[in-house]
Amino acid sequence: QNFWGSSILSSQQDAVKTAKELNDGSVISADVQGIALSTIVKNTMLAFKEGATETEKKGGLLIIKMDVEGAEYQVLKEVAASGILCELIKMGNQVVFVVEYHNMSITNAEERRREKAGHQKAVEQMKE
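The rules behind the values
Residues numbered from 1 in each chain as written. Predicted model: local features only at pLDDT ≥ 70, side-chain atom pairs only at ≥ 80, totals over all residues. Heavy atoms only, no water. Helix = DSSP H or I, 4+ residues; strand = E, 2+ residues; numbered from the N terminus. Rg over C-alpha atoms; globule rule 2.2 N^0.38 Å. Buried < 20%, exposed > 50% of the residue type's maximum accessible area, 1.4 Å probe, protein only. Contact = heavy atoms within 4.5 Å. Areas by Shrake-Rupley, 256 points an atom, 1.4 Å probe, with all protein chains shown as cover. Core = buried A, V, L, I, M, F, W, Y, C linked by side-chain atoms within 4.5 Å. Arc of directions from axis to C-beta.

(A) Here's a closer look at the overall build of the chain. When helices and strands are tallied, the chain shows six helices and two strands. In terms of overall size, the chain is more extended than a compact globule, its C-alpha atoms giving a radius of gyration of 18 Å where 128 residues would be expected to give roughly 14 Å. A principal-axis box enclosing the C-alpha atoms of the chain has dimensions of 60 × 30 × 25 Å. When burial is assessed residue by residue, the chain has 30% of its 128 residues classed as buried. The contacts of the chain with a sequence gap of at least 6 include a subset with a gap of at least 24, amounting to 69%. Of the roughly 8500 Å² that the chain leaves accessible, carbon and sulfur atoms contribute 51%.

In structure tokens:
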């Protein structure tokens, strides 16, 4: 049976399991290029298109379903700091955000606390 786990967090349980099974316990890292959620929203929503009409700027629906194996805290912090979802809502659009949290899969307690604290701050920021 093949098993391979990855995460942006080295203490995420699947990354730890993979390290134990494949690399004598050493977590393997790789540089990858990512795209911020705020960039994806800005570049794909009609409301943000250059030259969008007033009609095009409102009435849209953005549904985000996120399952990113522990990275949800980082994504939420980034998108909250950008203000992009709030801007979209203020323009007259709807945003539905469904998140699968993996806080218990983060095996390092300090890292888990840090990620959860940042998440709580992001949630409060988005409520403002």
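(B) Summary view of the nonpolar core. One finds L37, V41, M45, A47, F48, L62, I64, V79, I84, L85 and L88 forming the largest nonpolar core, which totals 11 residues. If you tally residues by element for this core, the top one is helix 5 (residues 84-90), at three residues.

(C) Molecular detail of helix 4 (residues 72-82). By the burial criterion, the buried members of helix 4 are E72, Y73, L76, V79 and A80. With its buried residues spanning 135° around the axis, helix 4 presents them on a single face. On its buried face, helix 4 is in contact with helix 2 (37-44), strand 1 (61-66), helix 5, strand 2 (94-99) and helix 6 (109-127). Note on helix 4: the residue one or two positions beyond its end, G83, has a positive phi of about 75°.

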